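# Structural description and commentary
Spelled out, the chains give:
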Amino acid sequence: MPPLIPQQPPVDPETIIRFEHVEKIYRMGDHEVRALDDVSLAISPGRFLAVMGASGSGKSTLMNLLGCLDKPTAGRYLLENRDVAGLDDNALSALRLRRIGFIFQSFNLIPQLTVRENIELPMFYLDRDSATGNRRALELAELVGLSDRLDHRPAQLSGGQQQRVAIARALANDPVIILADEPTGNLDSKTGRQIMELLVRCNAAGKTIVMVTHESRLAAYAQARLHMSDGRVDRVEEGA
Amino acid sequence: MWKTHGWRDVRLGIKDLMLHKLRSLLTMLGVIFGVASVIAMLAVGEGASRQALDQIRRLGSRNIILTSVKPVADEGGQPNRNSFMSVYGLLEDDFLRIRETIAWIQRVVPVRLIRKMAALGERSLELRVVGTTPDWFTLVRRPVIAGRILGPNDDDQSNMVCILTERGARRLLATKSVLGQKIRLGGSVFEVIGIVASAEAGGAVQAPDQNVDVYIPLSASLSRYGRRITYRTSGTRELEQVELHQILVEVTEEQYVEEVARALEAMLQRFHKKTDVKISIPLTLLRQAEATKRTFNIVLGSIAGISLLVGGIGIMNIMLASVTERTREIGIRRAIGARRGQIVMQFLIETVVLSGLGGVIGIGVGFLIPLAISRLSGLPTQVPLYGLALSFGISVLIGIVFGLYPAIRAANLHPIDALRHE
Ligand SMILES: Nc1ncnc2c1ncn2[C@@H]1O[C@H](COP(=O)(O)OP(=O)(O)OP(=O)(O)O)[C@@H](O)[C@H]1O
Ligand SMILES: [Mg+2]
């Protein structure tokens, strides 16, 4: 598998994600925060990358850009060799819907929907018929070990179970990239490890995974670790 | 690109509303009462005006009714020779003059009314004896049940014949065969030649006791009973001389009614020194009633509009609160890949379901209120069909108008900000 190369993006077309001198600047009045400062990186398909760094170093900002929830202030972002800069809101939504799955620290399930309906949500926006959505929800609930909880509401589940539902939901649209921002941040270490094992299984199934974490024990599950400080990529560690 | 999910969206919307049943119900109350009051007011207004219009219409929109009225005592300056006798009203000459000189007239019917005791064997009954011409029966559209109505000869020859109404006949003659019977009306004997149907209740050409009318030729009335009529009112005797109590004028076309009325007025002014004739024009009354109804509808419409506006603002208020409360959910949906338009649709469907349901319940309540009003007060009510369509349409429109702003606000949230919302 080709290595992850920081700063100097390779000419190699075998990249699923490529940042070229990306900047993200938040302006608040005349005050500006440089959340990302000249970040260049390339990620090849099927990688499992951990992003580490101090609080405020720009990890979440990086994830938001990767997930097409926001656009860079400067620089280029190529997702599967397509420049994201020129896309409008609808096109970005479509990209998120078809190519990306999100996992959040706070699970972010919709409280009034059942487990089944939460997992089905991407299928709903993909306009799949309800039979297909149902089948997919069942399949994924089985995968994350929650097939007996399909009609429960998120509030009736433990944190670990909720995060498993979130993973199932992130997988529902069969995305190429899974973005996880501190997926175990709200969980105890044993539950955290279960979640990590699930992610590893997803990765083994071919998903490219980018995960933010503070814990080096969890980062060790990844194939490479990207360290950030002050909006810059510090260094990249290869190997498990 | 703009695919909709149809029923699934609606089902999802209903589900979200069901989660907050009390709040949804309270939100709907504004629309429910708005719509209910629209329908109730329309029903009462429609009922009342329809009753008025029906009454007027039964008088005939092409008719003009001249009625003799006793002039005010000090008016006219020409004191009667006999101080106990008041002479006033329409004359047979008026009838002839109208018939001969005024254009656009289909038919003219003179009416003379005298109360007489009617006697047949042992039975007796006070009847109103209507002296008139054959045209009467055409004008008031009274179908013949048995025998025949007055013919031209009856009037020309002052034939002693009479026609009873169905009910009068039944009360007077009971089971006996009616036609050919002799009946005593006051001092004269008449032969019953026909029976006509009784008028429906409220048929307003005549006084209310027309169901016990008996019709005789005008010429017979004048020759047999003279031109003087004696009234007994509360013990005192009052003598009046009235030749004709009414003249009914039917105009050929509705458009000439007002012109004919003006001509009649001019004629009466020339030949009557006193103001002893009243002209009533059903068409004018009809127009006035219609204008009143329109004004009424505008006033009611404005009141109903205000209550619906209040209902709409209530919906908008709740939906704005709901958007704030569900900011995070919006962020999640956007992160998953929902387009702005789909978020707008989601919230819009919720408000439209809310207001549409409120409209339906309001229509139900709106049906019950007029029913209760009719039951309790006896006022006629009628829920107009257009009112149903109108108020349902308006409530759905309210959902769209007042839901659009919160929905667009929800969709325009930046997904990251929305996700970060606590
Ligand atoms: N919407 C925003 N407006 C202004 N500044 C922002 C915004 N989002 C992030 N920042 C700033 O950008 C910088 C990077 O923030 P970011 O959330 O990416 O950090 P992080 O590495 O994820 O930190 P943590 O580990 O605490 O989650 C911070 O200084 C933060 O204050
Ligand atoms: Mg963060």
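Structure first, text after, so check above.
First, a word on what this report is: a plain description of the structure on this page. Please read all numbers here as calculations on a predicted model, not as lab measurements. (Residues numbered from 1 in each chain as written. Chains lettered and ligands numbered in written order. Predicted model: local features only at pLDDT ≥ 70, side-chain atom pairs only at ≥ 80, totals over all residues. Heavy atoms only, no water.)

The subject of this paragraph is the overall build of chain A. If you tally the helices and strands in chain A, you get seven helices and ten strands. Across its three principal directions, the C-alpha atoms of chain A cover 50 × 40 × 40 Å. Expressed as a percentage of its 240 residues, the buried residues of chain A come to 55%. When contacts within chain A are restricted to residue pairs at least 6 apart in sequence, those whose partners lie at least 24 apart make up 70%. Total accessible area computed for chain A in this model is approximately 10000 Å², and 48% of it derives from carbon and sulfur atoms. Between the averaged position of the 28 positive side-chain charges in chain A and that of its 31 negative side-chain charges there is a distance of 3 Å. (Helix = DSSP H or I, 4+ residues; strand = E, 2+ residues; numbered from the N terminus. Buried < 20%, exposed > 50% of the residue type's maximum accessible area, 1.4 Å probe, protein only. Contact = heavy atoms within 4.5 Å. Areas by Shrake-Rupley, 256 points an atom, 1.4 Å probe, with all protein chains shown as cover. Lys, Arg positive; Asp, Glu negative; His and termini not counted. Charge placed at Lys NZ, Arg CZ, Asp CG, Glu CD.)

Counting residues in hydrophobic clusters, the biggest one holds 67 residues, and the most contacted among them are A:I17, A:F19, A:L41, A:L62, A:L66 and A:L79. Residue contributions to this core peak at six residues, all from helix α12 (residues 385-411) of chain B. Ignoring any residue separated from it by four or fewer positions in sequence, one finds A:L66 in contact with A:I17, A:F19, A:Y77, A:I100, A:L179 and A:V210. Among the nonpolar cores identified, the runner-up in size contains 36 residues, and A:V115, A:I119, A:L198 and A:I209 belong to it. (Core = buried A, V, L, I, M, F, W, Y, C linked by side-chain atoms within 4.5 Å.)

On to the interface of chain B and chain A, then. With 28 residues of chain B at the contact, the number on the chain A side is 27 residues. Both sides of the chain B and chain A interface together cover about 2600 Å² of buried area, and 55% of this is carbon and sulfur. At the junction of chain B with chain A, the criterion picks out two salt bridges. Ionic pairing is found between B:R334 and A:D89, a salt bridge with its closest N-O pair at 2.9 Å. Scanning the region where chain B abuts chain A turns up seven residue pairs in polar contact (both at pLDDT 80 or more). (Buried area = accessible area lost by both parts, 1.4 Å probe. Salt bridge = Lys/Arg side-chain N within 4 Å of Asp/Glu carboxyl O. Polar contact = N/O pair within 3.5 Å; in protein donor to acceptor, adjacent residues only side chain to side chain.)

Another aspect to go through is the sheet that holds strand β2 (residues 31-43) of chain A. All names here are of chain A. Read from one edge of the open sheet, four strands run β2-β1-β4-β5, paired in antiparallel fashion. The open sheet has two edge strands, β2 and β5 (82-83), and neither has a second partner. Sheet analysis places strand β4 (residues 74-79) next to β5, joined by two bridges and oriented antiparallel. In the sheet register, L78 faces β5, and the bridge partner there is D83. The strands touched by helix α1 (residues 59-66) are β1 (17-28), β2 and β4; relative to β1, the strand with the most contacts, the crossing angle is about 120°. (Pairing = 2+ DSSP bridges. Axes fitted to C-alpha atoms, helices over the stretch in contact; angles between N-to-C directions.)

Time to look at a nonpolar patch on the surface. Residue and element names in this part refer to chain B. Nonpolar side chains collect at one region of the surface, where Y386, L390 and I394 lie side by side and expose about 260 Å² of accessible area between them. Of note, L390 is situated in helix α12. Residue class for L390 comes out partly exposed when judged on its relative accessible area of 43%. (Patch = residues over 30% accessible without salt bridge, like charges linked within 9 Å, V, L, I, M, F, W, Y side chains within 5 Å.)

A few words on the pairing of strand β12 (residues 246-251) of chain B. Residue and element names in this part refer to chain B. Of all six residues in β12, six are buried; the element is thus mostly enclosed. As paired strands, strand β1 (residues 63-68) and β12 are joined by five bridges and run antiparallel to one another. If you follow I64 over to β12, its bridge partner there is V249. Here six bridges tie strand β3 (residues 105-120) to β12, and the two strands are oriented antiparallel to one another. Looking at β12, one finds that P110 is bridged to I247.

Attention shifts here to the packing of helix α2 (residues 21-59) of chain B against helix α9 (residues 282-325) of chain B. Residue and element names in this part refer to chain B. Packing of α2 against α9 leaves a shortest axis separation of 9 Å and a crossing angle of 175°. As the angle between them shows, α2 and α9 are arranged roughly antiparallel. Here the contact of α2 with α9 is built from residues that sort into 19 nonpolar, eleven polar and six charged. (Parallel < 35°, antiparallel > 145°, perpendicular 65-115°, else oblique. Nonpolar A, V, L, I, M, F, W, Y, C, P; charged D, E, K, R; others polar.)

For A:Q112, the location among the structural elements is in the loop between β6 (100-103) and α3 (115-125). On the accessibility criterion, A:Q112 (12% relative accessible area) is buried. For A:Q112, the residues in contact, after removing those within four places along its chain, are A:R153, B:K15, B:D16, B:L19, B:R326 and B:E329.

With that settled, the discussion passes to helix α6 (residues 189-204) of chain A. Since the α-helix advances by 3.6 residues per turn, residues separated by three or four positions end up pointing in the same direction. All names here are of chain A. With 16 residues, α6 should reach 22 Å at 1.5 Å per residue; the first-to-last C-alpha distance of 22 Å fits that figure. Every buried residue of α6 is accounted for by T191, G192, I195, M196, L198, L199, C202 and N203. Projected onto a plane normal to the axis of α6, the buried residues spread over an arc of 155° and lie on a single side. Along α6, the residues that are exposed and aim more than 90 degrees away from the buried face are K190 and A204. One side-chain oxygen at the N-terminal end of α6 lies 3.1 Å from the backbone nitrogen of K190; it belongs to D188. Immediately downstream of α6, the backbone of G206 shows phi near 110°, a positive value. (Expected span 1.5 Å × (residues − 1). Arc of directions from axis to C-beta.)

This part takes up the packing of aromatic side chains. On inspection of all chains with the given rule, the structure shows six aromatic pairs over all chains. Measuring from ring centre to ring centre gives 5.1 Å for A:F124 and A:Y125, while their planes differ by 75°; the resulting arrangement is edge-to-face. In terms of burial, A:F124 and A:Y125 fall into one category: buried. Of the aromatic side chains, those joined through ring pairs into one cluster are B:W136, B:F137 and B:Y215. Above the plane of the ring of B:F271 lies B:R97, whose end atom (NZ or CZ) is 3.6 Å from the centre. (Phe/Tyr/Trp six-rings, centres within 6.5 Å; stacked < 30°, edge-to-face > 60°. Lys NZ or Arg CZ within 6 Å of the ring centre and 35° of its normal.)

Around ligand 1 lies a shell of 15 residues, among which A:S55, A:G56, A:K59, A:S60 and A:T61 are the nearest. What surrounds ligand 1 is not a single chain but chains A and B. In the environment of ligand 1, an oxygen atom lies 3.0 Å from a nitrogen or oxygen atom belonging to the backbone of A:G58. A:H214 places a side-chain nitrogen or oxygen 3.4 Å from an oxygen atom of ligand 1. Alone, ligand 1 offers 640 Å² of accessible surface; in the complex the protein occludes 70% of this. For the shell around ligand 1, the leading source of residues is α1(A), giving three residues. The residue inventory of the shell around ligand 1, partitioned by class, reads five nonpolar, seven polar and three charged. (Near = heavy atom within 4 Å.)

Now for the packing of α2(B) against α12(B). All names here are of chain B. Across the interface, α2 lies against α12 with an axial gap of 10 Å and an inter-helix angle of 160°. When the interaxial angle is binned, α2 and α12 end up roughly antiparallel. The interaxial crossing formed by α2 with α12 has right-handed handedness. Contacts from V31, V35, V38, I39, L42 and E46 of α2 reach α12 at Y386, G387, L388, S391 and S395. Here the residues of the contact of α2 with α12 sort into seven nonpolar, three polar and one charged. (Left-handed = near helix turned anticlockwise from the far one by under 90°.)

Take the sheet that holds β6(A) next. Working definition: the strands of a sheet are paired by backbone hydrogen bonds and lie parallel or antiparallel to each other. Residue and element names in this part refer to chain A. Here we have six strands laid out as an open sheet, ordered β6-β7-β8-β3-β9-β10, and mixed in their pairing. The sheet is open, and its two borders are formed by β6 and β10 (232-238), each paired with just one other strand. Neighbouring strand axes in the sheet, compared pairwise and without regard to direction, differ in orientation by 20° on average. Across six bridges, strand β9 (residues 224-229) lies against β10 in antiparallel orientation. Across the sheet, S229 pairs through a bridge with R232, a residue of β10. Contacting β6 and β7 (177-181), helix α5 (residues 159-172) crosses the sheet at an angle of about 170° to β6.

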